[in-house]
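Next come the chains, spelled out residue by residue.
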Amino acid sequence: MSKKLLETIITASEARKGFGATPNAYRLFNGFYEGCPGLVLDRYSDALVILDHGLPENSEVSFQELTDWALSPVMGFNTVLLKQRQAKDPAFRNGRLLAGTALPQQVTEDGIPYALDLQMNQDAGFYLDTRNLRRWLRDHADGRKVLNTFAYTGSLGIAAGVGGAAEVIQTDLDRKFLEIAQNSWQLNDLDSNRTQILPVDFFKVADRLRRQERLFDIVILDPPFFSTTQAGRVDWQKQSTRLINKVRPLVGHGGQLVVINNSLFLPGADFMAELQTLCESEYLSLRTLIPIPEDFTGYPSTILDIPPVDPAPFNHPTKIAILDVSRKDQRR
C-alpha cells in the first residue's frame, strides 16, 4: 500500500476525532469519496471493520498495514475484521478476523445500546448512514404506533421504542435479522408488550395489515435496492411510487411516512420530482429531508471524489424524506 494512501486514511480518520465515546460506531474512512474507491473502514466499538468492495486479485490495499495501524496505541482497536464483498467464499464475504479473537456484541449511539452480529451478513448489520433518522424517530415517536418495514436488524424501530413509542412492529423476511432487533429491545429494558416481530414477506404483511384496517402514526419504508420473492418484486430505483403507495393506506391521519431510497444511480432530483408528484395531492406533503452524517459522506477537507450521479437536494445517495400524511376519512 502506498504511503500516500495510508496518509489519506489517517487524515480522514483524524477528521472524526470529535466523536468521542458515543456514538462508538461510525465511519472512519469512506474511500468512495475520500480517495480509494472500494475501501471502507468502520469503527464498531473496539473493532475495525474493513469493507473491501473491490476484486481481491486487483486490490492495492495492504490489509496487514491497515491491521498494524488499527492495533497501534493511537487507534486502540483490539479486533480487525475484513469483509471482502467480491470474494467467492461466503465466509470471506461475511468476514474473517485479521486480529483479535472476540467481536463486540453491541454498540452505543446517543446512549442507546444496539445488539450486533458483525459476521451475520456481508454488511455489518447496523447502518451508520441512518444515524440522524434514528435521532428523528427517537424525538418524534412518543406515544405513537410505528411500523418498520424491511426492518433488517431493527435499529430504526429500536430508536422509536426508546423514544417512547406505544407500539413498534418490525417486519422482515428473515427471522435471524429480527432476532437481533429483539436483542436490542431487551438491551434497552423496553416493555416486551410494546413490540412485535413479523418474519413475513413485505407484500403479504402490507396486505394483511390493510385487510385488518390497522393504522400507524409512523410507517418506515426502507427496502433493499432490488429483490424478488413469490409475493412481489422490489425495484427501488424504478418503482418507488408503487412501493410508497403500497404502505400509504397504513398511515393514519396526521401521521408520517419515512421513505429511504439508497439507489446509487438514481439522481436526487429525479427522486425528489417523484416525491413532489406524489405530494400534488392533498393527502401527502413533504415535511423534511434527513441528511446523512458527515463521517459517512466525508468532510469538505477530506472529500476527493463525487458520487456517480448528483444526489442533490439530498447530501448522499442514501436519500431520506419524511412525508406528512392526511386521510380523506381522517382515521387516526
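Just above sits the structure.
About the thresholds
- Residues numbered from 1 in each chain as written.
- Predicted model: local features only at pLDDT ≥ 70, side-chain atom pairs only at ≥ 80, totals over all residues.
- Heavy atoms only, no water.
- Helix = DSSP H or I, 4+ residues; strand = E, 2+ residues; numbered from the N terminus.
- Pairing = 2+ DSSP bridges.
- Axes fitted to C-alpha atoms, helices over the stretch in contact; angles between N-to-C directions.
- Contact = heavy atoms within 4.5 Å.
- Left-handed = near helix turned anticlockwise from the far one by under 90°.
- 1 Å grid on protein atoms, 1.4 Å probe; cavity = no way out; pocket = protein on both sides within 12 Å on 5 of 7 lines; lining within 4 Å.
- Points joined across faces, edges and corners; volume = space filled by probe spheres on them.
- Nonpolar A, V, L, I, M, F, W, Y, C, P; charged D, E, K, R; others polar.
- Buried < 20%, exposed > 50% of the residue type's maximum accessible area, 1.4 Å probe, protein only.
- Phe/Tyr/Trp six-rings, centres within 6.5 Å; stacked < 30°, edge-to-face > 60°.
- Lys NZ or Arg CZ within 6 Å of the ring centre and 35° of its normal.
- Arc of directions from axis to C-beta.
- Salt bridge = Lys/Arg side-chain N within 4 Å of Asp/Glu carboxyl O.
- Core = buried A, V, L, I, M, F, W, Y, C linked by side-chain atoms within 4.5 Å.

Here Q64 shows up in helix α3 (residues 63–71). As for Q64 and L98, which are separated by 34 residues in sequence, their C-alpha atoms are 8.1 Å apart.

Strand pairing in a sheet takes place through backbone hydrogen bonds and is either antiparallel or parallel in direction. A sheet is described by the order of its strands in space; here seven strands give the open sequence β10-β9-β8-β11-β14-β16-β15, paired in mixed fashion. A strand with exactly one partner marks an edge of an open sheet, and here the two such strands are β10 (195–198) and β15 (284–290). The sheet shows a mean angle of 15 degrees between the axes of neighbouring strands, direction not considered. Sheet topology note: the strand β8 (residues 145–149)/strand β9 (residues 167–171) ladder contains four bridges and is parallel. Looking at β9, one finds that V146 is bridged to V168. Against the sheet, helix α6 (residues 155–162) touches β8, β9, β11 (216–221) and β14 (251–261), its axis set at about 175 degrees to β9.

Here helix α1 (residues 3–14) crosses α3 at 35 degrees, and the two axes come no closer than 12 Å. Taken as a pair, α1 and α3 cross one another with a handedness that is right-handed. Where α1 abuts α3, its residues L6, I9, I10 and S13 lie against E65, L66 and W69.

Turning to the layout of surface pockets, a few remarks are in order. Approximately 200 Å³ is the volume attributed to the second largest pocket. Taken together, I10, S13, E14, R16, K17, Y26, L28, R43, W69, S72, V74 and M75 make up the full set of residues lining the second largest pocket. Going through the elements one at a time, α1 and β1 (25–30) are the ones with two or more residues in the lining of the second largest pocket. Considering every element that reaches the lining of the second largest pocket, the biggest residue donor is α1, with three residues. Partitioning the lining of the second largest pocket into residue classes produces six nonpolar, two polar and four charged.

Before going further, it helps to spend a moment on unusual backbone geometry. Residues A312 and P313 are joined by a peptide bond in cis, for which omega reads 15 degrees. Along the chain, P313 turns up in the loop between α11 (294–297) and β16 (319–325). Here D189, not a glycine, exhibits a phi torsion of approximately 55 degrees, which is positive. Position of D189 relative to the elements: it lies in the loop between α7 (175–187) and β10. Of the residues examined, D189 reaches a relative accessible area of 70% and is grouped as exposed.

Applying the stated criterion across every chain yields a total of six aromatic pairs. Relative to F177, the ring of Y152 has its centre 4.6 Å away and its plane inclined at 70 degrees; by these criteria the two rings are edge-to-face. Note that Y152 is positioned in the loop between β8 and α6 and F177 in helix α7, a separation of 25 residues in sequence. On the basis of an interplanar angle of 40 degrees and a centroid distance of 6.0 Å, the ring pair of F271 and F314 is categorised as tilted. On the criterion of sequence distance, the pair formed by F271 in helix α10 (residues 268–278) and F314 in the loop between α11 and β16 is long-range, its members being 43 residues apart. Each member of the pair, F271 as well as F314, is classed as buried. Taken together, Y127, Y152 and F177 form an aromatic cluster joined through their ring pairs. Directly above the ring of F92 sits R96, whose terminal nitrogen or CZ lies 4.3 Å from the centroid. One Lys or Arg, R134, reaches over the ring of Y114 and ends 5.8 Å from the middle of that ring.

With that settled, the discussion passes to helix α9 (residues 240–247). If you check which residues of α9 are buried, you get S240, L243, I244 and V247. The arc that holds the buried residues of α9, viewed along the axis, is 100 degrees, so those residues lie on one side. Those residues of α9 hidden inside the fold are in contact with α8 (202–211), β11, β13 (232–235), β14 and α10.

Now for the pattern of salt bridges. By the definition in use, this model includes 12 salt bridges. Residue E109 pairs with R131 through a salt bridge whose shortest N-O separation is 3.5 Å. Here the residue E109 occupies a position in strand β6 (residues 106–109), and R131 occupies one in helix α5 (residues 131–140), the gap between them amounting to 22 residues. A residue is classified by how much of its surface remains accessible, and R131, at 2% relative accessible area, is buried. R327 is the partner of D329 in a salt bridge, and the nearest nitrogen-oxygen pair spans 2.9 Å.

Our next topic: the nonpolar core. Here is a general trend for soluble globular proteins: nonpolar side chains tend to be buried in one another's company. Y44, L118, L133 and L137 are the most contacted members of the largest nonpolar core, which totals 38 residues. Contributions of two or more residues to this core are made by β2 (39–44), β3 (47–52), β7 (112–115), α5, α6, β11, β14 and β16. When residues in this core are grouped by element, the largest group, four residues, is from α6. Excluding residues within four positions of it along the chain, L118 makes contact with Y44, A47, V49, L81, K83, N94, L103, P104, D123 and A124. Judged by nonpolar contacts, the second largest core, of 31 residues, contains V205, V234, L266 and M272.

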